[in-house]
Amino acid sequence: MDGIIALGSGGAACVGTLTLLVGVRGNNKIKIDKEYVPYWAYGIGLLSAGAGAAFSNLGTIGNQFTQAFQQTNGLGEWKTGATAAVLTICVFGFKARPWKDALFGSIAPSVFTAAGGLWMLPVTLPAGLLKALVGA
């Protein structure tokens, strides 16, 4: 048995993405409030790290997001930790919007991993739990 639910990382990421898509629309039996979208997206981002090629672009988007800030000469030196802080403020500081929270929440795990240090804690702890739960 790979995990309690035994979905695998790709299957769990797909199930999570579909649940988020169906739940945010609000017209279906599954309902997800706008305030919970970042948490769903973050879980999908964690699962996508071990999933197949269909989900590998989330990590690439996170790296490109950091590179965009680093290439802006007017900002001076820009580290990945600053990108992680900006993502966190964008998700939790602004009014809840599903499109923004889903995008930033799903790329956050790859940015947090690249930042290292204390930013790794929100990645390693839930990732271990998800691995035990879904066999990711």
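Check the entry above for the structure.
The present account deals with the structure reproduced in this document.

Definitions and limits used
- Every chain is numbered on its own, with residues counted from 1 as its sequence reads.
- Per-residue local features of the predicted model are confined to residues with pLDDT of at least 70, and side-chain atom pairs are confined, for both listing and counting, to 80 or more; whole-chain, interface and lining totals are unaffected and use all residues.
- Only hydrogens and water are set aside when side-chain values are computed; all heavy atoms of the structure are taken into account.
- In this analysis, axes come from line fits to C-alpha atoms, helices being fitted only over the stretch in contact, and the angle between any two N-to-C directions falls in the range 0 to 180 degrees.
- Put simply, DSSP H or I for four residues or longer makes a helix, DSSP E for two residues or longer makes a strand, and each gets a number counted from the N terminus.
- With respect to orientation, any angle under 35 degrees is reported as roughly parallel, any angle over 145 as roughly antiparallel, any angle of 65 to 115 as roughly perpendicular, and every other angle as oblique.
- Crossings are assigned a handedness: left-handed for a near helix turned anticlockwise from the far helix by less than a right angle, right-handed for a clockwise turn.
- The contact rule is simple, with two residues in contact once any of their heavy atoms fall within 4.5 Å.
- Ten residue types, Ala, Val, Leu, Ile, Met, Phe, Trp, Tyr, Cys and Pro, are classed as nonpolar, four, Asp, Glu, Lys and Arg, as charged, and the remainder, Gly among them, as polar.
- Here the expected length of a helix is defined as 1.5 Å per residue gap, with one fewer gap than residues.
- Accessible area is worked out with a 1.4 Å probe on protein chains only. A residue is then buried under 20% of its type maximum, exposed over 50%, and partly exposed in between.
- The reported arc concerns the directions from the helix axis to the C-beta atoms and nothing else.

A word on the packing of helix α1 (residues 9-25) against helix α2 (residues 37-48)
Orientation of α1 relative to α2, taken along the N-to-C sense of each, is 160°, at an axis distance of 8 Å. As the angle between them shows, α1 and α2 are arranged roughly antiparallel. For the pair α1 and α2, the crossing hand works out as left-handed. Residues Ser9, Ala12, Ala13, Gly16, Thr17, Thr19, Leu20 and Val24 of α1 lie in contact with α2, whose contacting residues are Val37, Trp40, Ala41, Ile44, Leu47 and Ser48. Tallied by class, the residues present in the contact of α1 with α2 amount to nine nonpolar, five polar and no charged.

Quick word on the packing of helix α4 (residues 80-93) against helix α5 (residues 98-115)
Relative orientation of the contacting elements α4 and α5 amounts to 155°, with a least axis distance of 9 Å. Overall, the two elements α4 and α5 adopt an arrangement that is roughly antiparallel. In the crossing of α4 with α5, the sense of the turn from one axis to the other is left-handed. Across the interface between the two elements, Thr80, Gly81, Thr83, Ala84, Leu87, Thr88, Cys90 and Val91 of α4 pack against Lys100, Asp101, Phe104, Gly105, Ile107, Ala108, Val111, Phe112, Ala114 and Ala115 of α5.

Re α1
For an α-helix the count is 3.6 residues per turn, leaving residues at separations of three or four pointing the same way. A rise of 1.5 Å per residue sets the reference length of α1, with its 17 residues, at 24 Å; its end C-alpha atoms lie 24 Å apart and thus fit the reference within 8%. Listing the buried residues of α1 in full gives Ser9, Ala12, Ala13, Gly16, Thr19, Leu20 and Gly23. Angularly, the buried residues of α1 cover 130° about the axis, an arc narrow enough to put them on a single face. The exposed set on the far side of α1, more than 90 degrees from its buried face, consists of Leu18, Leu21 and Arg25. Tucked inside the fold, the buried residues of α1 contact α2, α5 and α6 (121-134). Glycine 26 sits one or two positions beyond α1 and adopts a positive phi of about 80°.

Some details on the environment of tryptophan 40
Tracing the sequence through the fold places tryptophan 40 in helix α2. Residues tryptophan 40 and leucine 20 lie 20 residues apart in sequence; the distance between their C-alpha atoms is 6.8 Å. Here tryptophan 40 is in contact with Gly16, Thr19, Leu20 and Ile32, once residues within four sequence places are set aside.

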